[in-house]
Amino acid sequence: MDRSASMRRRAEQVPGLKSIRRPISWTETGADHTADTAPGVAPAAETTIAQAGRGTPATAADPFAPSAAGAAAAGFVGPEFDLSYIRLGSEARAGRLPFARGAGGRKRAGASAAESLPVVVIPGGPGLASALPYLHFRRAAAASGLDVVMVEHRGVGLSRHDLLGHDLPLEAMQISLVVDDIAAVLTAEGIEQAVIVGSSYGSYLAQGLAVSHPELVAGLVLDSPMLSVVDDRVGREYARDLLLRGTVGGPETRLLAAKIHDLVDSGTVDEQEFGRNVRIIFEFAGPDVLDQYLNQLRLGRVKQTEALLERLGTSEVSQTMPCIMEFDLVGQIWFRELKDPTDGDGAIFDSSHEFDAVRDRYGEFVGEPYRLAQALPEFDVPVLVLSGDRDLRTPRPVAEEIVRLAPEGMLIDLPGHGHSALDTHMNAVLAAAEAVAAGRAGELAWQPDRFTGLKRTGGPSLLVGRTLAAALTADRLLPR
């Protein structure tokens, strides 16, 4: 049995696995599929970065996206596939929660943790599977009393193939379809409302669900969140301020910035590759390990470490790990809707070059599907934003902007943490989800230390920092 079949067999055995039949893509049946009218949804025929709230226009036609009204009138027709998902914890629930109506007619949960709302968890990517990588997370969530749902993203893992066993086509990889997949799972499970937890790319889907299907969303937990396609620009400028110019941060990061500036100024490093390495080490291993790397780099004792960094920096897009990370199909979403190829500048901390090897496999960038900066002020549900102070991919300024825009936004600071708590600090995600699901999100405002004492455990990326530190130690001790 090959590795792909073996991993699929393992995934098919996870507790709580189910599936529903879903259409592969939109097929027009006479309805008008030309323009969306829902607040926060970018028109299909003209989507611009400026419409996302910031930036310069990038207008393009979208041949696949229908209007919300047109889709409802026409329905889905054509080929289908089995969308897999997992629900765990619902069997231990005593009954449904009696809801009270909140502002805008939304249902609000009461205070009973035992009867709290279901929680939908959307991992990052695009390309991360749900069934296998988050098995431990779901068990922990169910053990804490949560009713947790995770959907295997179309084009990934158990949701990769059509009914004949063929890969789904690239035109089926669209954010609007992914969002509707999540809504369809909630409908199939009889879930009227849920708390939606999204990490990184998953946070974009979570907010998209709140725009397209607001009646299903009782609250949001956004972990290392995205806001728009210009987040890349915000991220690289923040990284430069923190770790090159030294204009933000404290004495520790200013010292690192001085060393990084000297190395860049010397011309002895490739700025883009060096910036990628610095980002990975800072996020996963922290400032002390980054300082060790910078010192050893000057001495030429980083051979094993840089080989590891090369693998870490390219593996997500260049290597397919069956039922774990499968970027090859869903890369269409990244390049077509979320990654503007004209936005890079080629200097340090510009990450656009990291995708050059695979960019030509996918369609041209047409623009993002949602105007989240315009939609967030209309959200009338709690929006908890988890942000690590070492996150350079979806950095603190993005998190702060979301909190500013959302009427019930609240920032949860995760000190000493990088990107995606779901992958490195699952207890923080569980604590936030539990608070929103039980209707106690407001209590966190007067419990500022609620998250600081949580034990850091679980998550697929937890060991990356330790592995980097070990590689540096080996480089330092072993002969050149």
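All figures in this text were calculated on a predicted structure; none of them were measured in a lab.

For the rest of this paragraph, the subject is the overall build of the chain. Along its length, the chain carries 16 helices and ten strands. By residue count, 56% of the 480 residues in the chain fall in the buried class. A separation threshold of at least 6 residues defines the contact pool for the chain, and within that pool the share at least 24 residues apart is 79%. In the form shown here, the chain has an accessible surface area of approximately 19,100 Å², with 52% of it arising from carbon and sulfur atoms.

Next up on the list: the packing of helix α7 (residues 251–266) against helix α8 (residues 271–284). In contact at an axis separation of 11 Å, α7 and α8 are set at 160° when each is read in the N-to-C sense. One finds that α7 runs roughly antiparallel with respect to α8. When the axes of α7 and α8 are compared, the crossing they make is right-handed. Packed against α7, whose contacting residues are Thr253, Ile260, Leu263 and Val264, the element α8 presents Glu271, Phe274, Val278 and Phe282 at the interface. When the residues that make up the contact of α7 with α8 are grouped by side-chain class, the tally is six nonpolar, one polar and one charged.

In the contact formed by α7 and helix α9 (residues 287–299), the axes pass within 11 Å of each other and the chain directions differ by 25°. As judged from the angle between their axes, α7 and α9 are roughly parallel. Crossing angle aside, the handedness with which α7 passes α9 is left-handed. For the pair α7 and α9, the contacting residues are Glu252, Leu256, Lys259, Ile260, Asp262 and Leu263 in the first and Pro287, Asp288, Leu290, Asp291, Leu294, Asn295, Leu297 and Arg298 in the second.

One finds Phe137, Ile175, Ile196, Leu220 and Leu384 to be the most contacted residues of the largest nonpolar core, which totals 98 residues. Of all the elements, helix α15 (residues 426–437) adds the most residues to this core, at ten residues. Counting 30 residues, the second largest nonpolar core, distinct from the first, contains Leu294, Val302, Leu392 and Val464.

Turning next to the sheet that holds strand β6 (residues 148–151). Strand order in the open sheet made by the eight strands is β1-β2-β6-β5-β7-β8-β9-β10, with mixed pairing throughout. Looking at which strands have only one partner, the edges of the open sheet turn out to be β1 (17–23) and β10 (409–414). Averaged over all pairs of adjacent strands, the angle between strand axes in this sheet comes to 25°, irrespective of strand direction. Pairing geometry for strand β5 (residues 119–122) and strand β7 (residues 194–199), over four bridges, is parallel. Residue pairing for β7: Val120 is matched across the bridge by Ile196. Across the sheet, helix α3 (residues 135–143) is in contact with β2 (80–88), β5 and β6; its angle to β6 comes to roughly 160°.

Take helix α16 (residues 464–477) next. Over its 14 residues, α16 extends 20 Å from the first C-alpha to the last, a length consistent with the 20 Å expected when each residue adds 1.5 Å. Among the residues making up α16, those that are buried are Val464, Gly465, Leu468, Ala471, Leu472 and Asp475. Down the axis of α16, the buried side of the element spans an arc of 125°, and every buried residue falls inside it. Those residues of α16 that are exposed and aimed more than 90 degrees away from the buried face are Arg466 and Leu477.

A word on the packing of aromatic side chains. Given two aromatic rings, one states the distance between the centres and the angle between the planes to describe the pair. In total, this model carries six aromatic pairs according to the counting rule given. A connected cluster of aromatic rings, assembled from ring pairs, spans Phe327, Trp334, Phe335, Phe355 and Tyr362.

A few words on the pairing of β5. Of the two faces of β5, the one lined by Val119 and Val121 and the one lined by Val120 and Ile122 are each fully buried. Across two bridges, the pairing between β5 and β6 is parallel. Looking at the pairing, Val119 lines up with Val148 of β6. A crossover links β5 with its parallel partner β6, the connecting element being α3, and its sense is right-handed.

Here we come to the side chain of Asp343. Positionally, Asp343 belongs in the loop between α11 (327–338) and α12 (372–375). Ignoring any residue separated from it by four or fewer positions in sequence, one finds Asp343 in contact with Asp232, Arg233 and Arg236.

Here the structure, examined in full by the defined rule, presents 25 salt bridges. Between Arg160 and Asp167 there is a salt bridge, with its nearest N and O atoms 2.9 Å apart. Arg160 is the salt-bridge partner of Glu326, the closest N and O atoms lying 3.0 Å from each other. Separated by 166 residues along the polypeptide, Glu326 in the loop between α10 (303–318) and α11 and Arg160 in the loop between β6 and α4 (175–188) bring together distant segments of the chain. Take Glu326: its relative accessible area is 4%, and that puts it in the buried class. On the basis of relative accessibility, which here comes to 11%, the residue Arg160 falls in the buried class. One network of salt bridges, in which partners are shared, links Arg233, Arg236, Glu237, Arg240, Asp241, Arg245, Asp343 and Asp345.

A word on the environment of Leu186. Mapped onto the elements of the fold, Leu186 is located in helix α4. For Leu186, a relative accessible area of 0% gives the class buried. C-alpha of Leu186 to C-alpha of Val149: the two residues are 37 residues apart in sequence and 8.7 Å apart in space. Beyond its immediate stretch of four places on either side in the chain, Leu186 contacts Val120, Ile191, Ala194 and Leu216.

Here the focus is the pairing of β7. The buried count for β7 comes to six of six residues, which makes it a mostly enclosed element. What you see with β7 is no split at all: Ala194, Ile196 and Gly198 on one side and Val195, Val197 and Ser199 on the other are buried throughout. Bridge count for β7 against strand β8 (residues 217–223) is six bridges, and the pairing is parallel. Bridge pairing in β8 links Gly198 to Leu222.

How each quantity is defined
Residues numbered from 1 in each chain as written. Predicted model: local features only at pLDDT ≥ 70, side-chain atom pairs only at ≥ 80, totals over all residues. Heavy atoms only, no water. Helix = DSSP H or I, 4+ residues; strand = E, 2+ residues; numbered from the N terminus. Buried < 20%, exposed > 50% of the residue type's maximum accessible area, 1.4 Å probe, protein only. Contact = heavy atoms within 4.5 Å. Areas by Shrake-Rupley, 256 points an atom, 1.4 Å probe, with all protein chains shown as cover. Axes fitted to C-alpha atoms, helices over the stretch in contact; angles between N-to-C directions. Parallel < 35°, antiparallel > 145°, perpendicular 65-115°, else oblique. Left-handed = near helix turned anticlockwise from the far one by under 90°. Nonpolar A, V, L, I, M, F, W, Y, C, P; charged D, E, K, R; others polar. Core = buried A, V, L, I, M, F, W, Y, C linked by side-chain atoms within 4.5 Å. Pairing = 2+ DSSP bridges. Expected span 1.5 Å × (residues − 1). Arc of directions from axis to C-beta. Phe/Tyr/Trp six-rings, centres within 6.5 Å; stacked < 30°, edge-to-face > 60°. Right-handed = clockwise from strand over helix to strand, strands pointing away. Salt bridge = Lys/Arg side-chain N within 4 Å of Asp/Glu carboxyl O.

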